[in-house]
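# Chains, contacts and geometry: an overview
Chain residues, written in single-letter form:
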Amino acid sequence: MYPNPFRGNTTFSITGLNAEERTTLDVYTIDGVLVANVFTGAVDQQGSYRLTWDASNLKTGMYFYRLISGGRVTSGKLKSE
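In this text, all values refer to a predicted model and were calculated from it rather than measured experimentally.

Basis of the calculations
- Residues numbered from 1 in each chain as written.
- Predicted model: local features only at pLDDT ≥ 70, side-chain atom pairs only at ≥ 80, totals over all residues.
- Heavy atoms only, no water.
- Helix = DSSP H or I, 4+ residues; strand = E, 2+ residues; numbered from the N terminus.
- Rg over C-alpha atoms; globule rule 2.2 N^0.38 Å.
- Contact = heavy atoms within 4.5 Å.
- Areas by Shrake-Rupley, 256 points an atom, 1.4 Å probe, with all protein chains shown as cover.
- Lys, Arg positive; Asp, Glu negative; His and termini not counted.
- Charge placed at Lys NZ, Arg CZ, Asp CG, Glu CD.

Let's shift gears to the overall build of the protein. Across its full length, the protein carries zero helices and six strands. Tracing the protein from N to C terminus, the helices and strands come up as β-β-β-β-β-β. Taking 2.2 N^0.38 as the reference for a compact globule, 81 residues should give roughly 12 Å; the C-alpha atoms of the protein span a radius of gyration of 13 Å, in line with that estimate. Pairs at least 24 residues apart make up 65% of the contacts formed inside the protein by residues separated by at least 6 positions. Within the structure as shown, the protein displays about 5600 Å² of accessible surface, and the carbon and sulfur contribution to it stands at 49%. Put simply, the protein has 8 plus and 7 minus side-chain charges, and the middle of one group is 9 Å from the middle of the other.

Printed below as a string of structure tokens:
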């Protein structure tokens, strides 16, 4: 069985963010190399957000995201749309 490589675009569905907390969303290669900072800043209001990211400039492969908001860290594998 082969891994399903990522390519193209993806949409991040982010929930549970608190207003004014510094939030960072980064994308890394399977080797842990940072390839993109998708978002850095504070959200305007508490709630859920959808963020579509165009990654067509990246080679097809396996990529991972890391979301840091306040004291919470979430990570996972990117999936193509």
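Right, picking up where we left off after that structure.
Bringing the environment of Thr-15 into the picture now. Note on placement: Thr-15 falls in strand S1 (residues 9–17). A C-alpha to C-alpha distance of 15 Å links Thr-15 and Phe-39, two positions 24 residues apart in sequence. Ignoring any residue separated from it by four or fewer positions in sequence, one finds Thr-15 in contact with Gly-47 and Ser-48.

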